[in-house]
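Remarks on the overall topology
What follows is the residue order along each chain.
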Amino acid sequence: MTDENKKLLARINSYAETKLADIDPQKVPVSTQLQQLRPIMEEIAAERGVSLEDIFILYMDLQTEASVASEQKLRDELSDINNGDGHPLLFR
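Residues numbered from 1 in each chain as written. Predicted model: local features only at pLDDT ≥ 70, side-chain atom pairs only at ≥ 80, totals over all residues. Heavy atoms only, no water.

Before going further, it helps to spend a moment on the confidence of the model for the protein. Predicted confidence across the protein gives a mean pLDDT of 87, with 86% of residues reaching 70 or more. Here helix α3 (residues 52-81) is the element of the protein with the lowest mean pLDDT, 87, and helix α1 (residues 3-19) is the one with the highest, 95. (pLDDT = per-residue confidence, 0-100. Helix = DSSP H or I, 4+ residues; strand = E, 2+ residues; numbered from the N terminus.)

Given below as structure tokens:
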């Protein structure tokens, strides 16, 4: 992920933290959550001279990329804890 994309993702996520603070993501449809993010996405689209749809697609791609990276980091940390062999050190 480029630095520019990291900044864009951080900007949208920061906005989301305030706009979606009281929303339970398990109960509220994703479409409703994304509708709450529309103003920041429209602002970014206008700044970049691209369509709202382009920003939406980029955001979804970046969220997926960040999620995969976070999941891999967790796996790596768990592997370190388990000494890399899948068995917790506690049970040796």
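This paragraph deals with the side chain of Q33. Its location among the elements puts Q33 in helix α2 (residues 30-48). At a separation of 2.8 Å, a polar atom in the side chain of Q33 contacts the main-chain carbonyl oxygen of V28. With near-sequence residues (within four places) excluded, Q33 lies in contact with L20, I23, P25 and V28. (Polar contact = N/O pair within 3.5 Å; in protein donor to acceptor, adjacent residues only side chain to side chain. Contact = heavy atoms within 4.5 Å.)

Looking at the secondary structure, you find Q63 in helix α3. When sequence neighbours within four positions are dropped, the list of residues in contact with Q63 reads L9 and N13.

Before going further, it helps to examine the nonpolar core. I12, L37, M41, I44 and Y59 are the most contacted members of the largest nonpolar core, which totals 15 residues. If you list the elements that add at least two residues to this core, you get α1, α2 and α3. Among the elements that take part in this core, α2 stands out by supplying six residues, more than any other. (Core = buried A, V, L, I, M, F, W, Y, C linked by side-chain atoms within 4.5 Å. Buried < 20%, exposed > 50% of the residue type's maximum accessible area, 1.4 Å probe, protein only.)

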